[in-house]
Amino acid sequence: MPANIIDGKDIAEKILDSVKERVSKLKEKPKLALVLVGNNPASEVYVNFKEKDCLKCGCGCDRYNLPEDIDEIALLDLVTKLNNDPGVHGILVQLPLPKHINENLIMDSILPHKDVDGFTPVNLGNLVNDNNFLEPATARACIALIESVENKIEGKNAVVVGRSSIVGKPVALLLLQKNATATICHSKTKNLKEHTKNADILVVAVGKAGLIKRDMVKEGAVVIDVGISRVNGKIVGDVDFDSVKEVAGFLTPVPGGVGPMTRAMLLDNLLMAYRLKPKM
Ligand code: NDP
């Protein structure tokens, strides 16, 4: 039987509506500082979406478009200024940054309670310690999509393909927290299919179009496709959608799955950051 398609756009709209409603009850609006360095077209598109979502939810958004050749010190100075500004509740520095800038250094400079992306070492460390603070938005998105169709993650075999610090590892940690038996696969994994075929829940975050084929997926599995690639001008995921939908139980589309949910979770994180702000 063909898979049920998980409508990430629809679930995301509901989350954004709920954020909007909660924001409308606040005296002061949560404000996001969005920092974009250079002219990477994909990054520009993502930042435009994030700005639009902020405004749609009634949040404030200050956008900083910085030149590609900005030096590291100037960027650190901006982050420090935003850290010290009590009117800014969340800071998002769009990745990737130009090669001459040390991304880890910049991420590390954002105060953990303003880190709406959840990428700072403190927030990632909190995940490892089961002491979650602000969780990476894409990882939250994956869990919410899984939970929209699966009411018991506990005891399930969950396989995450991809081990980046911003997607793969945080997703696996969240699944582990929910008592799944979590396996992480990566480019050096021998016989990927042996692992994926065993997954009740399969999350794929690689960036290789069509990597996961029908014969790699267990019948009835929940499959979450994080990947984004452009093939012949079309956006596609890591999962070979047409063949996998014949075997999976539930499957997210690309576009329209993890992408809109990540944006919604970012706004939810902004609201959380607003609530977590230290009392001055
Ligand atoms: P990275 O490039 O940082 O990580 C990719 C991971 O995939 C690495 O761990 C790599 O392994 C692994 N990998 C590469 N080739 C294979 C292979 N043949 N088999 C198994 N594993 C492999 O990417 P990100 O984690 O940042 O992003 C992953 C994808 O998700 C991208 O397409 C990105 O655009 C998309 N994305 C989508 C978001 C959304 O909102 N929808 C948000 C963030 C990302 P190794 O570590 O060994 O190199």
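The preceding data block contains the structure.
Residues numbered from 1 in each chain as written. Predicted model: local features only at pLDDT ≥ 70, side-chain atom pairs only at ≥ 80, totals over all residues. Heavy atoms only, no water.

A. Region of interest: the overall build of the protein chain. When its secondary structure is counted, the protein chain shows ten helices and eleven strands. Over its C-alpha atoms the protein chain spans a radius of gyration of 19 Å, differing by no more than 12% from the 19 Å that the globule rule assigns to 280 residues. Each of the three principal axes of the protein chain carries a C-alpha extent, and together these read 55 × 40 × 35 Å. Out of the 280 residues in the protein chain, the part that is buried amounts to 49%. In the protein chain, 70% of the contacts between residues at least 6 apart in sequence involve partners at least 24 apart. Carbon and sulfur atoms make up 53% of the accessible area of the protein chain, which amounts to about 13400 Å² in all. A distance of 3 Å separates the average location of the 36 positive side-chain charges in the protein chain from that of its 35 negative side-chain charges. (Helix = DSSP H or I, 4+ residues; strand = E, 2+ residues; numbered from the N terminus. Rg over C-alpha atoms; globule rule 2.2 N^0.38 Å. Buried < 20%, exposed > 50% of the residue type's maximum accessible area, 1.4 Å probe, protein only. Contact = heavy atoms within 4.5 Å. Areas by Shrake-Rupley, 256 points an atom, 1.4 Å probe, with all protein chains shown as cover. Lys, Arg positive; Asp, Glu negative; His and termini not counted. Charge placed at Lys NZ, Arg CZ, Asp CG, Glu CD.)

B. Representation of the layout of surface pockets within the structure. Within this model, the largest pocket holds a volume of roughly 1500 Å³. Taken together, 49 residues make up the lining of the largest pocket; nearest its centre are Y46, V226, I228, G259 and T262. Going through the elements one at a time, helix 1 (8-24), helix 2 (41-56), strand 4 (90-93), helix 6 (137-147), strand 9 (229-231) and helix 10 (258-276) are the ones with two or more residues in the lining of the largest pocket. Considering only enclosed or pocket space, the second largest pocket measures out at about 220 Å³ in volume. Every element with two or more residues in the lining of the second largest pocket is listed here: strand 10 (234-236) and helix 9 (241-244). Top element by residues in the lining of the second largest pocket is strand 10. It accounts for three residues. Here the lining of the second largest pocket is built from residues that sort into eight nonpolar, three polar and four charged. (1 Å grid on protein atoms, 1.4 Å probe; cavity = no way out; pocket = protein on both sides within 12 Å on 5 of 7 lines; lining within 4 Å. Points joined across faces, edges and corners; volume = space filled by probe spheres on them. Nonpolar A, V, L, I, M, F, W, Y, C, P; charged D, E, K, R; others polar.)

C. Main features of the site of the ligand. Around the ligand, the surrounding shell holds 21 residues, and the nearest of these are R163, S164, S187, I228 and T262. Between the ligand and S164, the relevant distance is 2.5 Å, taken from an oxygen atom to a side-chain nitrogen or oxygen of the residue. Relative to its unbound accessible surface of 930 Å², the ligand loses 70% to contact with the protein. In a pocket analysis with a 2 Å cut-off to the grid points, the ligand is assigned to the largest pocket. Taken together, the residues of the shell around the ligand break down into ten nonpolar, nine polar and two charged. (Near = heavy atom within 4 Å. Polar contact = N/O pair within 3.5 Å; in protein donor to acceptor, adjacent residues only side chain to side chain. Sits in = over half its atoms within 2 Å of the grid points.)

D. Focus on the side chain of K114. In this fold, K114 is placed in the loop between helix 4 (103-109) and helix 5 (121-128). Among buried charged residues, K114 stands out as having no salt bridge; its nearest opposite-charge side chain is D85, 5.9 Å away. For K114, the side chain forms a polar contact with the main-chain oxygen of N83, separated by 3.0 Å. There is a polar contact of 2.7 Å between the side chain of K114 and the backbone oxygen of D85. When near neighbours in sequence (up to four residues on either side) are disregarded, K114 contacts L82, N83, N84, D85, V88, H89, G90 and I91. (Salt bridge = Lys/Arg side-chain N within 4 Å of Asp/Glu carboxyl O.)

E. Seen up close, helix 5. The complete set of buried residues in helix 5 reads N123, L124, N126 and L127. The buried residues of helix 5 all sit within an arc of 155 degrees when viewed along its axis, so they share a single face. Where the residues of helix 5 are buried, they touch helix 7 (168-177). A positive backbone phi angle near 55 degrees is found at D130, which sits one or two residues after helix 5. (Arc of directions from axis to C-beta.)

F. Inspection of the nonpolar core at higher detail. I146, V171, L175, V203, I224 and L267 are the most contacted members of the largest nonpolar core, which has 51 residues in total. Ranked by the residues each element gives to this core, the list is headed by helix 10, at ten residues. Apart from residues lying up to four places away in sequence, I146 is in contact with I153, L175, I201, V203, V222 and I224. L76, L82, V93 and I110 belong to the second-largest nonpolar core, a separate cluster that totals 20 residues. (Core = buried A, V, L, I, M, F, W, Y, C linked by side-chain atoms within 4.5 Å.)

G. Representation of the pairing of strand 2 (residues 31-37) in the model. Most of strand 2 is tucked away, with six of its seven residues classed as buried. Relative to strand 3 (residues 60-66), strand 2 runs parallel, the two being bridged by seven bridges. Bridged to L34 within strand 3 is R63. Crossover strand 2 to strand 3 through helix 2 is right-handed. With four bridges joining them, strand 2 and strand 4 adopt parallel strand pairing. Opposite A33, over in strand 4, you have I91 as the bridge partner. (Pairing = 2+ DSSP bridges. Right-handed = clockwise from strand over helix to strand, strands pointing away.)

Such coordinate-based values are descriptive only and should not be taken to indicate function.
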